[in-house]
Amino acid sequence: MISFIKKNAQFILMLMVWIVVGMFVKETAFVLVPLSFMILKSKNRYTEIILAFALILFLSDNRHHMLADIANETRDMSIVLLSLFVFFDSKQFPVKSRLFMPFILFLSMALFLVLRNPNPLNSFMRTVSYGLMLLTIPSYFIKELNRDAKDFLWNIVWFCVLFLTIGLIMILLVNNWVFIGGRYNGLFGNPNGVGIMCTLLTILIAVTRHHFPDIFSRTELYFIYAVIITSILLSSSRNCIFSLMIFLFFMRFYKISYLYGFIIVIVVAVVFQFINENLIFIIDSLGLGSYFRVEHLDDGSGRLVAWTFAWEEIQRNFYAGRGFGFDKYYFELHKDYLSSLGHQGGVHNSYLTIWMNTGLIGLILFIIAYFRIFFKAATINYLAIPAMFAIMFSISFESWAASSLSPFTIIFLLIITLLQYQKNESPAQEALVPLQ
């Protein structure tokens, strides 16, 4: 990590200026952020553009308004600006990502439903931002993977590790900033945010090492995994732990054979009901009842209230929802009632969120697109299906997949872009080439 900091000292200083100045005078972010992006663009520093944009998305989830406001005020502007770079500079982006294609019908459905939304303008902007993320951000990834994949991935991973490490260091400096309700939330809005980041980062590292086994030394891996494991343990994120167990479990079988992987999927499906019915007993038997907060498993820590409430609304708009952002509008409208039932926040389930916003038709179109990108990647990378299962589990308990500008969407897009790349067969050049 020290090497990363030294290598990117000026860039990191620029980000620190963003944050410090923006905390005191929020309006300066409207000038500093686009100006910085344009300077980086003029110098062809596309990796830094991606990292800077990732920081904005990461901080948008921070529970302290001084940091979150900077990000929330500039992330819409940033995605538009980054998209303009792609649209109006074809010379720098000769190869465009096709990741957008499977989602065209889903986004068309969402766009069609904008006028059914109580706030059509907001719904339209959310739909456009979702489309721009899918259309343009993977094109940056492709450009950098084609330039120097190893260097690009090394910087991305260390940037995420640095972000997690800063959160851990802050335990010693400002403990009350990084803990909420006795659980560690780091620089994210809640402990589950830490868990989602650790889940996606672990998958990203696995896919990166699949392409470049020697990208990190053993000492570096010890440090990286120590930061991830410490963050997971402090956050007590059950979602993260089970998601990673799914990923690591299926990874072993799919590495041996796709047939073995398929067989184990069937076996797990058969025994799932037994495990689900006896989960509390199993956890208590292992002496982990307190850590996993089994007293809240039955109600999903308030999630059951949210899911039931969302399902009741879905019945009124079963086949066609009411546009992107309707879930936030509807839950905010009834927040006092939900609070009295012990729930704070949103739907906490990406499938239900998409169903509320785009109806059953939209949900089916989203799932088809989701399967298409992973099944396509599975033809060249055995990690695709394990990653698909792990992410499917993760989004069952959080709504981040339904939001384009969440802190985690950008890492998800990088994972699926990287999964569709394969090692150059030429021994003279260590590079990645896209799946044809």
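Just so it is clear, the model here is predicted, and its values are computed rather than measured.

Participant: Explanation requested: the packing of aromatic side chains in the structure shown.
Facilitator: By the definition in use, this model includes 42 aromatic pairs. Judged by centre distance (6.1 Å) and plane angle (35°), the rings of Phe-326 and Tyr-329 are tilted. Within this pair, Phe-326 and its partner Tyr-329 are both found in helix α14 (residues 326-333), separated by 3 residues, close to a single helical turn. Note on Phe-326: relative accessible area 2%, which makes it buried. The exposure class assigned to Tyr-329 is partly exposed, which follows from its relative accessible area of 38%. Over the ring of Phe-85 we find Lys-41, and its NZ or CZ is 5.8 Å from the ring centre. Sitting above the plane of the Phe-93 ring, Lys-143 keeps its charged end 5.8 Å from the centroid.

Participant: I'm lost on the packing of helix α16 (residues 350-378) against helix α18 (residues 409-419) in this one. Help?
Facilitator: A pair of packed helices is characterised by two quantities: the angle between their axes and the separation of those axes. Between α16 and α18, the shortest axis-to-axis distance is 8 Å and the interhelical angle comes to 40°. In terms of their interaxial angle, α16 and α18 are classed as oblique. Only Phe-412, Ile-416 and Leu-419 of α18 make contact with α16, whose side of the interface consists of Tyr-370, Ile-373, Phe-374 and Ala-377. The residue inventory of the contact of α16 with α18, partitioned by class, reads 7 nonpolar, no polar and no charged.

Participant: Please explain the side chain of Ser-97 as it appears in this structure.
Facilitator: Positionally, Ser-97 belongs in the loop between α5 (65-87) and α6 (104-112). Once residues within four sequence positions are removed from consideration, Ser-97 is found in contact with Pro-138, Ser-139 and Ile-142.

Participant: Looking at this structure, how should I read the confidence of the model for the chain?
Facilitator: Predicted coordinates in regions of low pLDDT should not be interpreted in detail. Considering every residue of the chain, the mean pLDDT works out to 86; 86% of them sit at 70 or more. Counted against residues more than four places away or in other chains, residues 272-283, with its pLDDT under 50, gives 10 contacts.

Participant: Looking at this structure, I do not really get α6. What am I missing?
Facilitator: Taken together, the buried positions of α6 are Phe-106, Leu-107, Met-109 and Ala-110. Down the axis, α6 shows its buried residues gathered within 155° of arc, on one side only. Facing away from the buried surface of α6 by more than 90 degrees, the exposed residues are Leu-105 and Phe-112. The secondary structure elements touched by the buried residues of α6 are α7 (120-173) and α16.

Participant: Teacher, can you tell me more about the pattern of salt bridges here?
Facilitator: A side chain with one charge may pair with a side chain of the opposite charge, provided their charged atoms come close. For the coordinates displayed, the defined rule picks out 8 salt bridges. When the shortest N-O distance is used, the salt bridge between Glu-48 and Arg-45 registers 2.6 Å. On the basis of relative accessible area, Arg-45 is assigned to the partly exposed category, the value being 40%. As a salt-bridge pair, Asp-151 and Arg-147 come within 3.3 Å of each other at their nearest N and O atoms. Of this pair, Asp-151 and Arg-147 both sit in helix α7, 4 residues apart, roughly one helical turn. We classify Asp-151 as partly exposed; its relative accessible area is 22%. Here the salt bridges do not stand alone but share partners, grouping Lys-7, Glu-144, Arg-147 and Asp-151 into one network.

Conventions and cut-offs
Residues numbered from 1 in each chain as written. Predicted model: local features only at pLDDT ≥ 70, side-chain atom pairs only at ≥ 80, totals over all residues. Heavy atoms only, no water. Phe/Tyr/Trp six-rings, centres within 6.5 Å; stacked < 30°, edge-to-face > 60°. Helix = DSSP H or I, 4+ residues; strand = E, 2+ residues; numbered from the N terminus. Buried < 20%, exposed > 50% of the residue type's maximum accessible area, 1.4 Å probe, protein only. Lys NZ or Arg CZ within 6 Å of the ring centre and 35° of its normal. Axes fitted to C-alpha atoms, helices over the stretch in contact; angles between N-to-C directions. Parallel < 35°, antiparallel > 145°, perpendicular 65-115°, else oblique. Contact = heavy atoms within 4.5 Å. Nonpolar A, V, L, I, M, F, W, Y, C, P; charged D, E, K, R; others polar. pLDDT = per-residue confidence, 0-100. Arc of directions from axis to C-beta. Salt bridge = Lys/Arg side-chain N within 4 Å of Asp/Glu carboxyl O.

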